[in-house]
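Examination of the molecular architecture
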Amino acid sequence: MGFFAYRAVDSSGATAKGIIEASTPEEAARKLRSNRLYPTKIEPVGKGKARRKIPDEVIIGFCKDLADLLSAGLPMDRSLTLLVSQERNQGFKVILTDISRSVQEGKPLSDAVESHQDVFGSLVGHMIRAGEASGALEAVLRRLSEYLERRRAFKQSILSASIYPALLLSMSLLSMVVLLVYVIPRFAKIFEDLQQNVPFITKVLLKAGIAIEQYGWVIPIVLIVGFFAVRRLHLSSEGRKQLDGLLMKLPLVKRLTLYTNLSRFFLAMGTMVRAGVPLLRAITLARNTVENTIIKAELAQLYDNVKAGKSVSSVFAGKEIFPTRIAPMLRVGEEKGELGETLLALGSYFEQETEKILRRLITLLEPVVIIGTGLVIGAMVLSMFSAIVSVSDIRF
């Protein structure tokens, strides 16, 4: 069986489109005609196409809804069938249909979900497996949805925080370009007609405007080439180490990078430990959420030391790269038997600290951009006024 995307018309001439499950395009056409839909286009949907761009909120909703249905006493297969019928995202509907069919064939939910790892990630499947083994699948699904929701909210907070400075900087650059390319050259034309020499600062700005007007097309090309060059460097292991190492040397950026990665690591690990995922497996999966290679290499020792019988807290003690509060908090959590809760508390702490640092950076960036733009535009306006004043020196 496969999936086919179709476009069809009904008896009234209205257009309908969607995805249908069938063995062949002919069978898909027969199914559509039995529903009084007359296909105009049918094409197979590959797995990659069906799985692309599944929003986070869709996966979060799946975890929440499945937990609610299971808590209400519905069997797993019936719950999945109901979710398939209600799913509006066509790409996720294909995936959910495949999961439902796998469960009906006797596979556990964890296996069905892990077959779509490119959508759910490895963490979701392992948490569901732990929930199945402990008999607390509903609770695990709720914890999982909470973790995914927090991760999504964190991403959105970072994105929202960067919108205003980016917009402010873009408008400032646009204003400078307009002044250089359109405004100042018009004044220069007036002085040229009057056979009047323009001041030195105006000449400099004029040459800059002419350069942008004639060679401005080179700028986007340089930016695009530079973007792909940095991206290629970041994709290579050695280049990524160099870029990540540079980030860890810049004062404010170092703390932001460290706290962002630690919040991801501790939240993921804490969620899995509370769900019953084995500690070594939780460490491996949580470490995969860390993007900075320098921090990831430091955390690699955690797996080896815990496997050798050492405590989690002992790994963070004495390491200069990590904040000093981590080891004592983990030690207390281990002594009380509340490691999962302690890891989540650390994740929340670093998440809040990251947001504080972002707010400070934005607070610092706003006046820098405004003052810098004001100085540059002020210099341009001053050059025009000085040129206008010099008109009084014209000899008639």
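Predicted model, so just to flag it, every value in this text is computed and none were measured.

Topic: the pattern of salt bridges
For the structure shown, the criterion picks out eleven salt bridges. Among the ionic pairs, Glu-114 bridges to Arg-129, the shortest N-O distance being 2.8 Å. You can see Glu-114 sitting in helix 6 (residues 109-114) and its partner Arg-129 sitting in helix 7 (residues 117-134), a full 15 residues away along the chain. By relative accessible area, which is 33% here, Arg-129 ends up partly exposed. Its salt-bridge partner being Arg-274, residue Glu-341 comes within 3.8 Å of it at the nearest N-O pair. Within this pair, whereas Glu-341 is found in helix 17 (residues 339-389), its partner Arg-274 is found in helix 12 (residues 251-275), the two being separated by 67 residues in sequence. The class for Glu-341 is partly exposed, based on a relative accessible area of 41%. Arg-274 sits in the partly exposed class, given a relative accessible area of 35%.

Digging into the environment of Leu-69
Mapped onto the secondary structure, Leu-69 falls in helix 3 (residues 56-71). Overall, the relative accessible area of 16% leaves Leu-69 in the buried class. Linking Leu-69 and Ser-79, residues ten residues apart in sequence, is a C-alpha distance of 6.0 Å.

Some remarks on the packing of helix 12 against helix 14 (residues 293-307)
Where helix 12 contacts helix 14, the two axes come as close as 11 Å, and the packing angle between them is 40°. If you check the angle between helix 12 and helix 14, you find them oblique. Crossing angle aside, the handedness with which helix 12 passes helix 14 is right-handed. Facing Thr-257, Leu-258, Asn-261 and Phe-265 of helix 12, the residues of helix 14 in contact are Ile-295, Leu-299 and Leu-302. Of the residues in the contact of helix 12 with helix 14, the class split is five nonpolar, two polar and no charged.

Cut-offs used in this document
- Residues numbered from 1 in each chain as written.
- Predicted model: local features only at pLDDT ≥ 70, side-chain atom pairs only at ≥ 80, totals over all residues.
- Heavy atoms only, no water.
- Salt bridge = Lys/Arg side-chain N within 4 Å of Asp/Glu carboxyl O.
- Helix = DSSP H or I, 4+ residues; strand = E, 2+ residues; numbered from the N terminus.
- Buried < 20%, exposed > 50% of the residue type's maximum accessible area, 1.4 Å probe, protein only.
- Axes fitted to C-alpha atoms, helices over the stretch in contact; angles between N-to-C directions.
- Parallel < 35°, antiparallel > 145°, perpendicular 65-115°, else oblique.
- Left-handed = near helix turned anticlockwise from the far one by under 90°.
- Contact = heavy atoms within 4.5 Å.
- Nonpolar A, V, L, I, M, F, W, Y, C, P; charged D, E, K, R; others polar.

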